[in-house]
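Listed here are the chains, written in short residue letters.
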Amino acid sequence: MHPPAKPADTRRLYQQIADQIRAFIRNGNLPSGARLPPERELALQLGVSRPSLREALIALEIDGRIEIRMGSGVYVCATQDASEHATPAVGESPSEMMQARAMLEGAVVTLASARVTSHHLDRVKSCLEDMRQDGLHGRTQIENDRRFHLTIAEMTGNSVLVRLVGELFDGRHSPISSRMSARAEDSQAWKAAFVEHEAIYRALEARDPQAAVAAMLHHLSASHARWTGEAPAPSP
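The written sequence of each chain sets the order in which its residues are numbered from 1. For a predicted model such as this one, the threshold for reporting local features is a pLDDT of at least 70, and the threshold for listing and counting side-chain atom pairs is 80 or more; totals across whole chains, interfaces and linings nevertheless cover every residue. As a rule here, side-chain values come from all non-hydrogen atoms in the structure, and water together with hydrogens is ignored.

Caption draft 1: Representation of the nonpolar core in the model. Here, nonpolar core means buried Ala, Val, Leu, Ile, Met, Phe, Trp, Tyr and Cys residues that are tied together by side-chain atoms lying within 4.5 Å of each other. Each residue gets one of three labels from its accessible area relative to the maximum for its type: buried under 20%, exposed over 50%, partly exposed in between, using a 1.4 Å probe on protein chains only. Ile21, Leu36, Leu53, Leu57, Ile152, Ile200 and Leu204 are the most contacted members of the largest nonpolar core, which has 55 residues in total. If we skip the residues at most four places from it in the chain, Ile152 touches Val108, Val109, Ala112, Val124, Ile200, Leu204 and Met216. Contact criterion: two residues are considered in contact whenever any of their non-hydrogen atoms come within 4.5 Å of each other.

Caption draft 2: Broad picture of unusual backbone geometry. The phi angle at Asn29 is positive, at roughly 50°, despite the residue not being glycine. Not every positive phi belongs to a glycine, and Arg207 is a case in point at roughly 55°. Each helix corresponds to a stretch of at least 4 residues labelled H or I by DSSP, and each strand to a stretch of at least 2 residues labelled E; elements are numbered beginning at the N terminus. Position of Arg207 relative to the elements: it lies in the loop between α9 (187-205) and α10 (209-228). Residue Arg207 is classed as partly exposed on the basis of its relative accessible area, which comes to 41%.

Caption draft 3: Structural detail: the packing of helix α5 (residues 118-136) against α9. Working convention: axes come from line fits to C-alpha atoms, limited for helices to the stretch in contact. Angles between N-to-C directions cover 0 to 180 degrees. Two elements in contact, α5 and α9, have axes whose closest approach is 11 Å; the angle formed by their N-to-C orientations is 165°. Comparing their axes, α9 and α5 come out roughly antiparallel. Crossing geometry of α5 relative to α9 is assigned as left-handed. Contacts from Leu121, Val124, Lys125, Leu128, Met131 and Arg132 in α5 reach Phe194, His197, Glu198, Tyr201, Leu204 and Glu205 in α9. Angular relationships are summarised with four words: roughly parallel below 35 degrees, roughly antiparallel beyond 145, roughly perpendicular across 65 to 115, and oblique for the angles in between. Should the near helix be turned anticlockwise from the far one by less than a right angle, the crossing is termed left-handed; should it be turned clockwise, right-handed.

Caption draft 4: Inspection of the environment of Pro31 at higher detail. One can find Pro31 in the loop between α1 (13-27) and α2 (39-46). A sequence separation of 45 residues divides Pro31 from Val76, and the C-alpha atoms of the two residues are 6.8 Å apart.

Caption draft 5: A look at helix α8 (residues 175-184). Looking only at α8, the buried set comprises Ile176, Ser177, Met180, Ser181 and Ala184. For α8, the buried positions fall inside an angular range of 130° around the axis, keeping them on one side. This arc is built from the directions going out from the helix axis to the C-beta atoms.

Caption draft 6: Molecular detail of the pattern of salt bridges. Note on definitions: salt bridges are taken to be side-chain nitrogens of Lys or Arg within 4 Å of carboxyl oxygens of Asp or Glu. The full count for this structure, using the stated rule, is 17 salt bridges. Glu167 is the salt-bridge partner of Arg163, the closest N and O atoms lying 3.3 Å from each other. In this pair, Arg163 and Glu167 both sit in helix α7 (residues 159-170), four residues apart, roughly one turn of the helix. Residue class for Arg163 comes out partly exposed when judged on its relative accessible area of 46%. Judged by its relative accessible area of 45%, Glu167 falls in the partly exposed class. Connected via shared salt-bridge partners are Arg11, Asp19, Arg22 and Asp63.

Caption draft 7: Seen up close, the side chain of Asp134. Tracing the sequence through the fold places Asp134 in helix α5. Here a polar contact is recorded for every N or O atom pair within 3.5 Å, except that within protein the pair must consist of a potential hydrogen donor and a potential acceptor, and residues adjacent in sequence are included only if both atoms are side-chain atoms. Separated by 2.6 Å, the side chains of Asp134 and Asn144 make a polar contact.

Caption draft 8: Highlighting the environment of Ile25. Inspection of the secondary structure assignment puts Ile25 in helix α1. What makes Ile25 buried here is its relative accessible area of 1%. Setting aside anything within four residues of it in sequence, one finds Ile25 in contact with Leu30, Leu36, Arg65, Ile66 and Val76.

Caption draft 9: Geometry of the pairing of strand β1 (residues 66-69). With burial as the criterion, only one face of β1 is covered, namely that bearing Ile66 and Ile68; the residues Glu67 and Arg69 on the opposite face remain uncovered. Both β1 and strand β2 (residues 73-76) contribute to a ladder of four bridges, which runs antiparallel. Bridging from a neighbouring strand, Glu67 pairs with Tyr75 of β2. A loop of three residues connects β1 with β2, the two strands running antiparallel in sequence, and Gly71 in this loop sits at a positive phi of about 80°. Criterion used throughout: strands pair if DSSP finds at least two bridges between them.

Caption draft 10: Quick look at α5. To estimate the expected span of a helix, count its residues, drop one, and scale the result by 1.5 Å. The terminal C-alpha atoms of α5, which comprises 19 residues, lie 27 Å apart, in line with the 27 Å expected from a rise of 1.5 Å per residue. Listed as buried for α5 are His120, Leu121, Val124, Cys127, Leu128, Met131 and Asp134. In a view along the axis of α5, the buried residues occupy a sector of 150°, so they form one face of it. Facing away from the buried surface of α5 by more than 90 degrees, the exposed residues are Ser118, His119, Asp122 and Leu136. In this structure, the buried side of α5 is in contact with α4 (94-115), α6 (142-154) and α9. Among the residues trailing α5, Gly138 stands out with phi positive, at a value near 70°.

Caption draft 11: Focus on the side chain of Gln15. Take Gln15: it is sitting in helix α1. Not counting the four nearest positions on each side in its chain, Gln15 is found in contact with Thr87, Pro88 and Ala89.

Printed below as a string of structure tokens:
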């Protein structure tokens with residue numbers, strides 16, 4: 001008689017990897033203050049991608065198990081109790097969320113480019129101008145960024161798509177995504193994002209669905225790369 005199958009681990013990937021790191025710390029008897037191996041080496045030892053490893057490290061930092069010191073490394077904070085419990089969920093995986101956004105908003109902008117009107121274009125252009133002004137005055141551009149993507153979704157005339165685009169965008173406010181954003185979003189990142197948004201607008205203005213989807217996918221890929229520190233995927 002075969003033993004019962006072990007149930008699959010349905011938790012988010014970063015939780016599973018974070019628990020591997022906990023085991024690494026525990027099995028290595030690493031004391032509080034000990035420095036973990038460099039990111040590249042740790043990813044190889046655990047057999048995981050570096051973006052997934054970064055998400056796991058941030059989840060552990062939120063949980064108080066480690067401290068990430070920019071330019072220095074990753075250090076153990078706690079040596080007992082915290083190492084024994086499973087890593088809690090702290091939001092959707094930023095990598096998976098950006099992949100979902102690319103799939104959804106690529107389809108949305110394709111449909112939007114076929115239904116765009118001069119009124120729609122004026123609204124998108126208004127978002128861009130507000131983003132420009134916020135950038136010039138050092139203000140956060142997140143709300144205008146959100147409005148830009150929702151305005152494009154509204155061009156489809158499909159309220160479900162508008163809601164889904166908004167929900168995925170708002171995933172950036174989860175603890176793990178917020179922590180990643182805080183490390184990655186600066187004035188240079190927002191300048192790059194503005195140029196990418198402008199390219200999307202130009203494609204919509206030209207009523208060119210291929211250019212629109214290419215510009216949208218490039219923007220989301222570049223945004224993901226800024227979050228994770230990875231090189232963006234080549235533009236289609």
